[in-house]
Amino acid sequence: MCDRETTLVQRNSPVIVKRKTFCTRTSATVCTQLLLLCAPNYCYCATKTSSPMANAKLKLLYFEDRGRAEVSRIILAAAGKEYEDVRFPFEDWPKFKPETPYGQAPALSVDGVVYAQTLAINGFLAREFGFHGKDNLETFKIDEIAHLWEDFFTPAINVLFYSEDERAKEAGIKKIREESAPRTLTFLEGILAKNGTGYYVSDRLTLIDILVFEGVNGGTCSQFLDASEYPLIQKNFELVRANERIASYMATRKDSQW
């Protein structure tokens, strides 16, 4: 539930009326519309929504490296949200594995309840801290691009870490460099060109900007992604770096192998 304060101004009158409504975050737009239907003589001016995560105790569990947890860390940095960043060496994984729902990392604890799956964690944090869609269509587009990225990322990870032998690994890496990576970058460049704001969705920083920024600049699969020939992607990186909180985090984050 979220505590939503809506400001209404009576038509042709200086009188300002504020009403409190309580609604789920997913129905915030519906909530405002219902309020307007109940008050036809008022016009909607502004809303303020407080996230229940503002005071929640968050704990992110992952290995010492950036890996699949780094996008979540950047989102939390951009939000200015304090959290417990639990990092452990691979040899300590058996100690932490029982704490996770499915024996996988990363995992996110929210007030003591542990959740998993990278896409779900990233999406949740992005929605809670204002880096997701403002409506269903924006959310649809963000999810679409996130899955486009995953179509590149997961096979690349499989080649890097789960190839049966060196010959298969070399063949897989060659295919990623020559086919998958350029195709993905071309798609991303086209999305930026079509949107025309410098961002992938709308005119503001969202999950996708952070996801691609990390993926190309030091992420696990960044070795495959040369964005130097993609000017709009490069300009988007500058927009992400311009975020003071992200810039501060990037300047102080720990080095890692991947």
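What you see is a predicted model; the values in this text were computed from it and never measured. (Residues numbered from 1 in each chain as written. Predicted model: local features only at pLDDT ≥ 70, side-chain atom pairs only at ≥ 80, totals over all residues. Heavy atoms only, no water.)

Quick notes on the side chain of R73
You can see R73 is positioned in helix α2 (residues 70-79). Residue classification places R73 among the buried residues on the basis of a relative accessible area of 0%. Discounting residues that sit within four places of it in the chain, R73 has contacts with L60, Y62, F63, D65, R66, Y83, D85, R87 and Y249. (Helix = DSSP H or I, 4+ residues; strand = E, 2+ residues; numbered from the N terminus. Buried < 20%, exposed > 50% of the residue type's maximum accessible area, 1.4 Å probe, protein only. Contact = heavy atoms within 4.5 Å.)

Description of the confidence of the model for the chain
Looking at the chain, the pLDDT average stands at 84 and 80% of residues meet or exceed 70. Note that residues 1-49 has pLDDT below 50 and, in this model, 91 contacts with residues that lie over four places away or in other chains. (pLDDT = per-residue confidence, 0-100.)

Description of the pairing of strand β6 (residues 107-110)
Neither face of β6 is exposed, since A107 and S109 on one face and L108 and V110 on the opposite face are all buried. For strand β4 (residues 58-63) and β6, the ladder comprises four bridges, and the chain directions are antiparallel. Pairing of L58 across the sheet is with V110, part of β6. Pairing analysis gives four bridges linking β6 to strand β7 (residues 113-116), with the strands arranged antiparallel. Note on β7: the bridge partner recorded for S109 is V114. Connecting β6 to the antiparallel partner β7 that follows it, the hairpin turn spans two residues, and D111 within it adopts a positive phi of roughly 50 degrees. (Pairing = 2+ DSSP bridges.)

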